[in-house]
Amino acid sequence: MSDTSATPGLNGVNVEHLLGARNALGETPEAGLFKWRVTNQWLHGTHSASSVEGYFGLGGEHDHKATYKFESDHPLVFAAEDNAATPVEIVLVGLASCLTAGVAAVAQVREIQLRSVTATVEGDMDIAGILGADPDIRNGFSNVRVTYDIDADASPEDIQALVAQSQKRSAVFDILTNPVNVSVEVS
Amino acid sequence: MHTTTVVVGAGHAGLAVSHCLAARGIDHVVIERGEVAHTWRTERWESLRLLTPNWLTRVPGLAYDGDDPDGFMTMAEVVAFIERYARLVAPPLETGTTVESLTAGGEGYEVVTDRGVWRCASAVVASGACNLPKVPAAAAALPGGVESVTPMDYARPEALPEGGVLVVGASASGVQIADEVHRSGRPVTLAVGEHVRMPRIYRGRDILWWMDRTGLHDERYDEIDDIVRARRLPSPQLVGTPERITLNLNALTDAGVRLVGPLAGFSDGTAQFGGSLRNKCTLADLKQGRLLDTIDEWAAENGVDDEVEPPQRFEATRVEETPPLTLDLARNGIRTVIWATGYEADHSWIDLPVFDHKGRLRHDGGVVTGAPGLYRIGLNVLRRRKSSFIHGIEDDARDLTAHLVAYVGAGEPGARA
């Protein structure tokens, strides 16, 4: 949050714009329908590369300012080459990034000045699931823990409330805690 | 009381073991908590019929000889068949006797019953595979006012409250119960997890005719890649009806049953379902396709093509574009949840160090590990794929009694009667 030049004060989140968008959706709800897109290409072994270029929203197509690239691989203990983070770690990146963005936005609305926000995220997984060694064990995380260390001009209770509200409005928190329909097809 | 072998349970498995032991001259007793075929009499819903056609329903020394070889026995007919078998085997039988514990003692085992203690060199546990319903932990969060029913409590649709029903699980039990409950005017939502799809009739023959003829059902437990998985597979989506109908998810959809993904849990009176319904159905469709491919290849190689109808392929399972992920039970009038989520054997009375860290009996095809002379018979895929069916008992009983005879003969020289 170093770039605060475009928005008024505090944490650098353009809340006016976001609230304006929420009001505008009352008039044109279809503008709120977004499609987020990723393409992924296998490289070698368990190593693959994803890129994010554009998305659909507000009734039209948009490009990101640049094409963002993400690589993923599996670790050496899986006898893979460890060229990049493991996919499940990237899921945790998504969760932490989403919650932290939410903390900043909510703090902005509540006029709380943030000085530092650090999240530590840990996901528990028993690989007996993905190895098929024990059918009672799920493939994915059994537990995810996020710990925030926040320095801000606010009482501990207000900081707790920031973090709670951030979860309430977090897309990734919702994706991880509630079912979603996923269809995978071969073209 | 002393005997060489105690057999626990007088269903088709215990009687088959008794038949084989008698043929080998082994002194034994069969102990039964109720009467012969107790579970078939008391723990099955009213409309249930065997999944196996009559011509395939056989036990060592007795095969179906009625006039409806392609039919499927009702529970009353199964009980009559097993009673007839009991008269034929005429085992040394102690009915109305509940086994309270099985422990090590003396030269072998002590079987404590409510009517005395038996000491024996060996024991065969034939007390059934489906003693306890498996209900997921999520059931604890079921909202008040909704009945929770297992297939062992379930008798007939009319005994359920009026209103909607959520059936969890799409095994044979799940699809059969979903079908008749829905037809009773109680709208059914079916939560579908992993399942096994099979047509009742393929190329004019019963699917179990194919499993039998091709040898697929003879595949041994020690030849199967993942035996833990094979033993846990839900029963195939089959039903035995006089019309020999195929009861799959498309048939249920046509009847008006709503399909949703696997039950994840309940939250604030709302059921939540996983978003993998399409994947679960695609997996089952592909697996059915591979089975039919195997059958067709076998038919071509074995010159059976001309005896049967041409190959068929079936419509893929239809899944709506975005299946519901939540269901508010009260708002949707759901009054009952039926847990067709499987059964497990009750081994709680076996007081021996023969269980793994998950409480599963350790055994090698029914030969219990670490307890010489102790055997288990009548579990899913115990020694062969067909072990899950009545006709699978014959080979299993012969194999295990042969092992038992060698054991008591070698280890207990005086024990042979």
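The shown structure was predicted, so the numbers you read here are calculated from the model rather than taken from an experiment.

The next subject is the overall build of chain A. Within chain A, the secondary structure is distributed over four helices and six strands. Ordered by position from N to C terminus, the α and β elements of chain A give α-β-β-β-β-α-β-β-α-α. A principal-axis box enclosing the C-alpha atoms of chain A has dimensions of 50 × 40 × 30 Å. Of all 187 residues assigned to chain A, the portion counted as buried reaches 25%. Taking all contacts inside chain A whose residues are at least 6 apart in sequence as the whole, residues at least 24 apart take part in 49%. Of the roughly 12,800 Å² of accessible surface on chain A, 55% is carried by carbon and sulfur atoms. Separation between the mean location of the 11 positive side-chain charges and that of the 25 negative ones in chain A comes to 7 Å.

Below, the discussion takes up the sheet that holds strand β16 (residues 263-267) of chain B. Residues and elements named next belong to chain B. Here we have three strands laid out as an open sheet, ordered β16-β17-β18, and antiparallel in their pairing. At either margin of the open sheet sits one strand with a lone partner, and together these are β16 and β18 (326-328). For this sheet, the mean inter-axis angle between neighbouring strands, taken without regard to orientation, is 20°. Bridge analysis of β16 against strand β17 (residues 270-273) gives four bridges, and the strand direction is antiparallel. Across the sheet, the residue bridging to Ser267 is Thr270, located in β17.

Residue and element names in this part refer to chain B. Each assigned domain of chain B is listed with its residue range as follows: domain 1 (2-131 + 345-415) and domain 2 (132-339). With centres defined by C-alpha atoms, the gap from domain 1 to domain 2 works out at 29 Å. Facing 31 residues of domain 1, the contacting portion of domain 2 comprises 34 residues. Approximately 2,900 Å² of surface area, both sides summed, lies buried where domain 1 meets domain 2, with 55% of it carried by carbon and sulfur atoms. Viewed at the interface, domain 2 and domain 1 are joined by three salt bridges.

A separate point is the packing of helix α2 (residues 87-109) of chain A against helix α3 (residues 156-168) of chain A. What describes two packed helices is the angle between their axes and the distance between those same axes. All names here are of chain A. In contact at an axis separation of 8 Å, α2 and α3 are set at 120° when each is read in the N-to-C sense. Taken as axis vectors, α2 and α3 run oblique relative to one another. For the element pair α2 and α3, the recorded crossing hand is right-handed. Counting all contacts with α2, which are made through Cys98, Leu99, Gly102, Val103, Val106 and Ala107, the residues of α3 involved are Leu162, Val163, Gln165, Ser166 and Gln167. For the contact of α2 with α3, a count of residues per class yields seven nonpolar, four polar and no charged.

What follows deals with the pattern of salt bridges. All names here are of chain B. Scanning the model with the defined rule gives 37 salt bridges over all chains in all. Glu83 is paired through a salt bridge with Arg41; the nearest N and O atoms lie 2.9 Å apart. Of this pair, Glu83 sits in helix α3 (residues 75-89) while Arg41 sits in helix α2 (residues 38-42); the two residues are 42 residues apart in sequence, bridging distant segments of the chain. Glu83 sits in the partly exposed class, given a relative accessible area of 29%. The exposure class of Arg41 is partly exposed, given its relative accessible area of 29%. When the shortest N-O distance is used, the salt bridge between Glu194 and Arg229 registers 2.6 Å. Of this pair, Glu194 sits in the loop between β12 (188-191) and β13 (201-202) while Arg229 sits in helix α6 (residues 227-232), placing them 35 residues apart in sequence. The exposure class of Arg229 is partly exposed, given its relative accessible area of 37%. Each of Asp218, Arg383, Arg384, Lys386, Asp395, Asp396 and Asp399 takes part in salt bridges that share partners, so that together they form one network.

Quick look at the interface of chain A and chain B now. With eleven residues of chain A at the interface, the matching set in chain B holds twelve residues. In total, chain A and chain B occlude about 950 Å² of area from one another, counting both sides; carbon and sulfur atoms represent 43% of this. If you sort the residues of chain A by the area they bury against chain B, Pro135, Pro179 and Asn181 of chain A come out on top, with a joint share of 54%. Joining chain A to chain B, the criterion identifies three salt bridges. With a shortest N-O distance of 2.4 Å, Lys358 of chain B and Asp136 of chain A are connected by a salt bridge. Linking chain A with chain B are six residue pairs in polar contact (both at pLDDT 80 or more). Taken together, the residues of the side of chain A that touches chain B break down into four nonpolar, four polar and three charged.

Right, let's talk about the state of the cysteines for a bit. Put plainly, a disulfide is one covalent bond tying together the sulfur atoms of two cysteines. All names here are of chain B. Tallied over the entire structure, the rule returns zero disulfides over all chains. There is no disulfide at Cys20, and the cysteine sulfur nearest it, in Cys120, is 18 Å away. Assessed through its relative accessible area of 5%, Cys120 is described here as buried.

Below, the discussion takes up a nonpolar patch on the surface. All names here are of chain A. Together, Val77, Phe78, Val88, Met125, Ile127, Ile130 and Leu131 make up a nonpolar patch on the protein surface, roughly 630 Å² of accessible area in all. Relative to the helices and strands, Val77 resides in the loop between β4 (60-72) and α2. Judged by its relative accessible area of 74%, Val77 falls in the exposed class.

All names here are of chain B. Pairing within the open sheet is parallel, and its five strands lie in the order β10-β19-β11-β12-β15. Two strands close off the open sheet at either side, each with one partner strand: β10 (147-149) and β15 (258-260). Each neighbouring strand pair of the sheet contributes to a mean axis angle of 20°, computed without reference to strand direction. Here β12 pairs with β15 via three bridges, running parallel. If you follow Ala191 over to β15, its bridge partner there is Val260. The sheet contacts of helix α4 (residues 172-183) involve β11 (164-168), β12 and β19 (334-339), and relative to β12 the element is tilted by about 165°.

All right, on to the environment of Thr326 of chain B then. All names here are of chain B. Tracing the backbone through its elements, the reader meets Thr326 in strand β18. Separated by 138 residues in sequence, Thr326 and Val188 place their C-alpha atoms 15 Å apart. The residues touching Thr326, leaving out its near neighbours within four places in the chain, are Thr270, Ala271, Gln272 and Phe273.

Before going further, it helps to spend a moment on α3 of chain A. For an α-helix, the turn length of 3.6 residues means that residues three or four places apart are oriented alike. Residues and elements named next belong to chain A. Relative to the 18 Å expected for 13 residues at 1.5 Å per residue, α3 spans 19 Å between its end C-alpha atoms, a close match to the ideal helical length. When we look at burial in α3, the residues that qualify are Ile159, Leu162, Val163 and Ser166. With its buried residues spanning 90° around the axis, α3 presents them on a single face. Across from the buried face of α3, at angles greater than 90 degrees, the exposed residues are Glu157, Gln160 and Lys168. Those residues of α3 hidden inside the fold are in contact with α2, β5 (114-124) and β6 (143-152).

Parameters and conventions
Residues numbered from 1 in each chain as written. Chains lettered and ligands numbered in written order. Predicted model: local features only at pLDDT ≥ 70, side-chain atom pairs only at ≥ 80, totals over all residues. Heavy atoms only, no water. Helix = DSSP H or I, 4+ residues; strand = E, 2+ residues; numbered from the N terminus. Buried < 20%, exposed > 50% of the residue type's maximum accessible area, 1.4 Å probe, protein only. Contact = heavy atoms within 4.5 Å. Areas by Shrake-Rupley, 256 points an atom, 1.4 Å probe, with all protein chains shown as cover. Lys, Arg positive; Asp, Glu negative; His and termini not counted. Charge placed at Lys NZ, Arg CZ, Asp CG, Glu CD. Pairing = 2+ DSSP bridges. Axes fitted to C-alpha atoms, helices over the stretch in contact; angles between N-to-C directions. Domains from an automatic or database assignment. Buried area = accessible area lost by both parts, 1.4 Å probe. Salt bridge = Lys/Arg side-chain N within 4 Å of Asp/Glu carboxyl O. Parallel < 35°, antiparallel > 145°, perpendicular 65-115°, else oblique. Left-handed = near helix turned anticlockwise from the far one by under 90°. Nonpolar A, V, L, I, M, F, W, Y, C, P; charged D, E, K, R; others polar. Polar contact = N/O pair within 3.5 Å; in protein donor to acceptor, adjacent residues only side chain to side chain. Disulfide = S-S within 2.5 Å. Patch = residues over 30% accessible without salt bridge, like charges linked within 9 Å, V, L, I, M, F, W, Y side chains within 5 Å. Expected span 1.5 Å × (residues − 1). Arc of directions from axis to C-beta.

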